[in-house]
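Residue-level structural notes
What follows is the residue order along each chain.
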Amino acid sequence: MVLVLGLFLALPILMALWVSLLHWDGQSNPFSGSADFVGLDNYRKLFTEDGLDRTLFATSMRNTLYYVVLVVPLQTGLALLLAIMVNQRLLRGRGALRTVFYFPSVTSSVAISTIFLFLFQGSGAVNRLLGWFGVKGPNWFADPRGIVWIVLGWFGIDQPARTGAAAGHGLLGLPWSEWFAGPSVAMCTLILMAVWTTSGTFMLIFLSALQDIPRELEEAAALDGVNRRQLLRNVTLPAIRPILFLVLTLGLISTWQVFDQVYVMGKGAPGNTTLTPAYLSYSAGFDNSDYGQGAAIAFVLLGLILLLTAVQRWVLRERDGKPGRSRTPGRGPKPGRSPKGARRAEG
């Protein structure tokens, strides 16, 4: 097993790390003298050098950040809600409901992306449905406007033009007005599709965890007179904490690596508002023949995912006790003190 993992996992990672230090077009042996060694130049172009590479990278990070912030909580909350619903013992048709909720997760992502293209086109079914309620739907996949500026526009606040001094202030060469623009209308359709297609898988994971909770805990909580919200907060969520960490971690990794939906549904259009680092890495290598730049983007993405996973693990860690409240096991009341007084002192 160690040999297999080393051959198909560790060795390719090390080879890709070496490629990220080269200016390589993919037409020669990267371990020969024909490939130019540029050191950290590929990384420097992404973070410090003004130019198209840094602008596209910052745009892809902005897009994916909003994608992750919205998709992970929504799909986790919806999956937990569905799992609690189909876990009801008195619910009829539980098996059929589980199949219906899980079906989008086993359908081809390319097929679902194609269907969403038809549903959300300018004259598609979604806009026709909105028209029944007197709402004029946008041209979803051709609208690059951020939803934050759309909402602010209702109050007469327009997005600043990306010219002059305003364009020079920002992060990674991208103005703050674009960082805080929110996801574009086109990205919102990707977010909706991701939540719909992934909630079924996480529902099954939550369902297996809910079925492992001892019934005695729920019965004891019912005898104490707790309501459903208190039961969820004080019994269910603490009992499924490891599974919650698993679902959040899987969701975090998959959302930062989103690629196939972006490839099928516009390749970053409109206006690069659906561009992601995974697709940018692919485009740099296979479209622009700059495999060193593509590998550098991939390793930046890898480091970011590892960092966020570590932070998430720290936030969801088990907290066994509070500082200053610990007591030595087996210590009883002091001589000459009544048990009642000892209990009062310990309280």
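Described below are features of the structure shown in this document. (Residues numbered from 1 in each chain as written. Predicted model: local features only at pLDDT ≥ 70, side-chain atom pairs only at ≥ 80, totals over all residues. Heavy atoms only, no water.)

1. Some words on the overall build of the protein chain
- Looking only at helices and strands, one finds 16 helices and four strands in the protein chain.
- Relative to its full complement of 347 residues, the protein chain shows a buried share of 36%.
- Considering only contacts in the protein chain between residues 6 or more positions apart, those separated by 24 or more positions represent 68%.
- Per element, the accessible surface of the protein chain, about 21,100 Å² overall, is 64% carbon and sulfur. (Helix = DSSP H or I, 4+ residues; strand = E, 2+ residues; numbered from the N terminus. Buried < 20%, exposed > 50% of the residue type's maximum accessible area, 1.4 Å probe, protein only. Contact = heavy atoms within 4.5 Å. Areas by Shrake-Rupley, 256 points an atom, 1.4 Å probe, with all protein chains shown as cover.)

2. Comments concerning a nonpolar patch on the surface
- A cluster of nonpolar side chains, M1, V4, L5, L7, F8, L9, L11, I13, M15, W18, F31 and F37, forms an exposed patch at the surface whose accessible area comes to about 1,300 Å².
- As for its position among the elements, L9 is in helix 1 (residues 2-19). (Patch = residues over 30% accessible without salt bridge, like charges linked within 9 Å, V, L, I, M, F, W, Y side chains within 5 Å. Salt bridge = Lys/Arg side-chain N within 4 Å of Asp/Glu carboxyl O.)

3. Quick word on the environment of F245
- Relative to the elements of secondary structure, F245 occurs in helix 12 (residues 241-256).
- Considering only alpha carbons, one finds F245 and R313, 68 residues apart in sequence, at a separation of 7.1 Å.

4. As for the pattern of salt bridges
- Taken as a whole, this structure holds three salt bridges when the rule is applied.
- For R54, the salt bridge goes to D50, with nearest N and O atoms at 2.1 Å.
- Between R145 and D143 there is a salt bridge, with its nearest N and O atoms 2.8 Å apart.
- Looking at R145, the relative accessible area reads 47%, which means it is partly exposed.

5. With respect to the packing of aromatic side chains
- Enumeration over the complete set of coordinates arrives at 16 aromatic pairs.
- Taking 5.2 Å as the distance between ring centres and 65° as the angle between the ring planes, the aromatic pair formed by F259 and Y282 counts as edge-to-face. In this pair, F259 is assigned in the loop between helix 12 and helix 13 (260-264) and Y282 in helix 14 (residues 277-287), connecting sequence segments 23 residues apart.
- Owing to a relative accessible area of 26%, F259 belongs among the partly exposed residues under this scheme.
- Three or more aromatic residues joined by ring pairs form one cluster here, namely W24, F259, Y263, Y279, Y282, F286 and Y291. (Phe/Tyr/Trp six-rings, centres within 6.5 Å; stacked < 30°, edge-to-face > 60°.)

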